[in-house]
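One letter stands for each residue in the lines below.
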Amino acid sequence: MIRDLLKIIEQFVDILMPELTPYEAAMYIFLLRNSHLKNSSEIRIGKRTIAEKWGTGARGKRTNYAHVTDLLKGLEKKGCLKIGDVNREGTLYKVLLPEEIPLVKEKLLVVQETREEDYFTDPERRRELFERDKWVCCYCGDKVTEKNATLDHLNPQSKGGKHTKNNLKTCCFVCNALKSGKTYEEAAPFLLKSIRERKQKEV
Ligand SMILES: [Zn+2]
């Protein structure tokens, strides 16, 4: 239960909240508390009751009925709840958990895809790329080892380069420091100069 709650809070704050107005966010939490936290996905409540429960707010003005209606409609439009039938006890609202809301689902999918493409953070996948490049720096051709091998973002992260397989190249420390933040074209003169100097030292 606690674990579920933490996930709900995380998804709410990280993904859903930016899509809602502050009042919609507060209304959503209010509905969540009165549905899922009472072990039901639904709540039957009158708008007047909501307005009363919401109290007077910071400016001492009682929450207005029309405002409550707008918030509920706004939340329905954004897929956070479904408005059902009305009877004497009020209107039936089906409250969706963050992970059930279409716009949250879409964003979660994007996050997952990004994670799947990530060859930069996971040590095993990094190794896979070093193997692919035969443990050789793609700029100077020097051998690299487990200790000094780095991965260079061909298109730098600062310019939108991703952690994808094709954007990552095995690179030695020195070349990576020179290439850092630059495109290959921008870095080429520095890389060539440094490589020339390093080769001369070897001779
Ligand atoms: Zn190098």
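### Observations concerning the overall build of the protein chain
A count of helical and extended segments in the protein chain gives eight helices and five strands. Overall, the protein chain shows an N-to-C arrangement of helices and strands of α-α-β-α-α-β-β-α-α-β-β-α-α. A compact globule built from 203 residues would reach a C-alpha radius of gyration of about 17 Å, whereas the protein chain, at 27 Å, exceeds it by more than 25%. If one aligns the C-alpha atoms of the protein chain with their principal axes, the spans along those axes are about 90 × 35 × 25 Å. When the 203 residues of the protein chain are sorted by exposure, 36% land in the buried category. Put simply, of all contacts in the protein chain between residues at least 6 apart along the chain, 52% involve residues at least 24 apart. When the accessible surface of the protein chain is totalled, it reaches about 13100 Å², and 54% of it is carbon and sulfur. Computed over 38 positive and 30 negative side-chain charges, the inter-centroid distance for the protein chain is 4 Å.

### Considering the side chain of Q11
Within the fold, Q11 resides in helix α1 (residues 2-16). Its relative accessible area of 10% is what places Q11 among the buried residues. When neighbours within four sequence positions are excluded, Q11 is seen to be in contact with L16, P98, E99 and L108.

### As for the coordination of the zinc ion
Any two of four tetrahedral donors ideally make an angle of 109.5 degrees at the metal, while pairs among six octahedral donors ideally make 90 or 180 degrees. Bound to the zinc ion on the protein side are C137 (SG), C140 (SG), C172 (SG) and C175 (SG), at distances that span 2.3 to 2.4 Å. Here the zinc ion is ringed by four donor atoms whose angles at the metal span 102 to 118 degrees, and the overall shape comes out tetrahedral.

### Points about the domain arrangement of the protein chain
Quite often, the size of an interface is put as the accessible area lost when its parts meet. Taken as a whole, the protein chain is organised into domain 1 (2-103) and domain 2 (115-188). Taking the mean C-alpha position of each, domain 1 and domain 2 sit 47 Å from one another.

### A look at the packing of helix α2 (residues 22-34) against helix α3 (residues 47-54)
Where α2 contacts α3, the two axes come as close as 12 Å, and the packing angle between them is 105 degrees. Our classification of the angle between α2 and α3 gives roughly perpendicular. Of α3, the residues touching α2 (which contributes Y23, A26, M27, F30 and N34) are I50, K53 and W54. Classifying every residue of the contact of α2 with α3 by side-chain character gives six nonpolar, one polar and one charged.

### Comments concerning the sheet that holds strand β1 (residues 42-45)
Spatially, three strands are ordered β1-β3-β2 in an open sheet, and the strand pairing comes out antiparallel. Edge positions in the sheet fall to β1 and β2 (81-87), since each of these pairs with one other strand and no more. Strand-to-strand twist of the sheet, defined as the mean angle between neighbouring strand axes without regard to direction, takes the value 20 degrees. In the sheet, β2 pairs with strand β3 (residues 90-95) via five bridges, with the strands oriented antiparallel. Residue pairing in the sheet places V86 in a bridge with T91 of β3. Taken strand by strand, helix α4 (residues 65-77) contacts β2 and β3, and its axis lies near 130 degrees from that of β2.

### Focus: a nonpolar patch on the surface
A surface patch of nonpolar side chains, amounting to about 470 Å² of accessible area, comprises I2, L6, I9, V13 and M17. Its location among the elements puts I2 in helix α1.

### A look at the nonpolar core
A general trend in soluble globular proteins is that nonpolar side chains are found buried together. Judged by nonpolar contacts, the single largest core of 27 residues is most densely connected at L16, L20, M27, Y28, L31, L72 and L75. Put simply, the parts of the chain that give this core at least two residues each are α1, α2, β1, α3, α4 and β3. By residue number, the principal contributor to this core is α2, which donates six residues. Other than its neighbours up to four places away in sequence, L72 contacts M27, L31, K47, I50, L81, I83 and Y93. Formed by 17 residues, the second largest nonpolar core is a distinct cluster that contains F130, L168, C171 and C175.

Definitions and cut-offs
Residues numbered from 1 in each chain as written. Predicted model: local features only at pLDDT ≥ 70, side-chain atom pairs only at ≥ 80, totals over all residues. Heavy atoms only, no water. Helix = DSSP H or I, 4+ residues; strand = E, 2+ residues; numbered from the N terminus. Rg over C-alpha atoms; globule rule 2.2 N^0.38 Å. Buried < 20%, exposed > 50% of the residue type's maximum accessible area, 1.4 Å probe, protein only. Contact = heavy atoms within 4.5 Å. Areas by Shrake-Rupley, 256 points an atom, 1.4 Å probe, with all protein chains shown as cover. Lys, Arg positive; Asp, Glu negative; His and termini not counted. Charge placed at Lys NZ, Arg CZ, Asp CG, Glu CD. Donors = N, O, S within 2.8 Å, 3.2 Å for Na, K, Ca; no water. Tetrahedral: all angles 85-135°; square planar, octahedral: opposite > 155°, others 65-115°. Domains from an automatic or database assignment. Axes fitted to C-alpha atoms, helices over the stretch in contact; angles between N-to-C directions. Parallel < 35°, antiparallel > 145°, perpendicular 65-115°, else oblique. Nonpolar A, V, L, I, M, F, W, Y, C, P; charged D, E, K, R; others polar. Pairing = 2+ DSSP bridges. Patch = residues over 30% accessible without salt bridge, like charges linked within 9 Å, V, L, I, M, F, W, Y side chains within 5 Å. Salt bridge = Lys/Arg side-chain N within 4 Å of Asp/Glu carboxyl O. Core = buried A, V, L, I, M, F, W, Y, C linked by side-chain atoms within 4.5 Å.

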